[in-house]
Amino acid sequence: MKKAVLIVISLVLAGMIALSVVLIVQAVRSDGDVIRIQTDGGTAEESAFRVEGMLPGDSATRTYIVGCGEGGTLTVTFEAGGEAGLLPYVTARVEIGGKERFSGALQDLIGSPLVCPASGDTYVTVEYGLPLGVGNEAQGAALDLKLSFAFTNEKES
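Residues numbered from 1 in each chain as written. Predicted model: local features only at pLDDT ≥ 70, side-chain atom pairs only at ≥ 80, totals over all residues. Heavy atoms only, no water.

Trainee: It is not clear to me how the sheet that holds strand β4 (residues 72-84) should be interpreted in this structure. Could you clarify?
Mentor: Sheet strands associate in pairs through backbone hydrogen bonding, adopting either a parallel or an antiparallel arrangement. Taken in spatial order, the four strands make up an open sheet running β2-β9-β4-β7, and their pairing is antiparallel. Among the strands making up the open sheet, the edge pair consists of β2 (45-52) and β7 (114-118). Strand-to-strand twist across the sheet, computed as the mean angle between neighbouring axes with direction ignored, equals 25 degrees. Sheet topology note: the β4/strand β9 (residues 142-153) ladder contains eleven bridges and is antiparallel. (Pairing = 2+ DSSP bridges. Helix = DSSP H or I, 4+ residues; strand = E, 2+ residues; numbered from the N terminus. Axes fitted to C-alpha atoms, helices over the stretch in contact; angles between N-to-C directions.)

Trainee: What's the story with the pattern of salt bridges in this structure? I'm lost.
Mentor: Counted according to the given criterion, the structure contains five salt bridges. Residue Lys 146 pairs with Glu 79 through a salt bridge whose shortest N-O separation is 3.8 Å. Taken as a pair, Lys 146 in strand β9 and Glu 79 in strand β4 lie far apart in primary sequence, 67 residues in all. By relative accessible area, which is 26% here, Lys 146 ends up partly exposed. For Glu 79, a relative accessible area of 33% translates into the label partly exposed. Between Arg 93 and Glu 95 there is a salt bridge, with its nearest N and O atoms 2.9 Å apart. Judged by its relative accessible area of 26%, Arg 93 falls in the partly exposed class. Overlapping salt bridges bring together Arg 50, Glu 52 and Asp 144 as one network. (Salt bridge = Lys/Arg side-chain N within 4 Å of Asp/Glu carboxyl O. Buried < 20%, exposed > 50% of the residue type's maximum accessible area, 1.4 Å probe, protein only.)

And the structure:
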């Protein structure tokens, strides 16, 4: 009898562990969006999204795989549009090609293009969040954000 109870408890624990692993993997996969952008020699491609419903301490990540030519310059521009109530509160960290290119208040990034060397598939990761110190002033606010990606091939310049 004791042996049967131990087996049942072991199976329940194993099931709970397996379920936890599945939920963790799903959370990691859904933590950020991955968007493929194909640039075409100076033509800007755009991607827009809305930030809303964030609580202090929340953060999210979006990753763009930007298809660039060989040996050129990638320009990433951030613009706020439509709803911009969250803009004064959101912080951002931008990594391009594995290097941090910006970290700070998102409003400082608006209209200031990030320009860096790029080649082939270049990963652009945008992590944004609402700091813990933000209070009720940001409640119910949202932010419409647009990113533009342009690649200039040095051979064509």
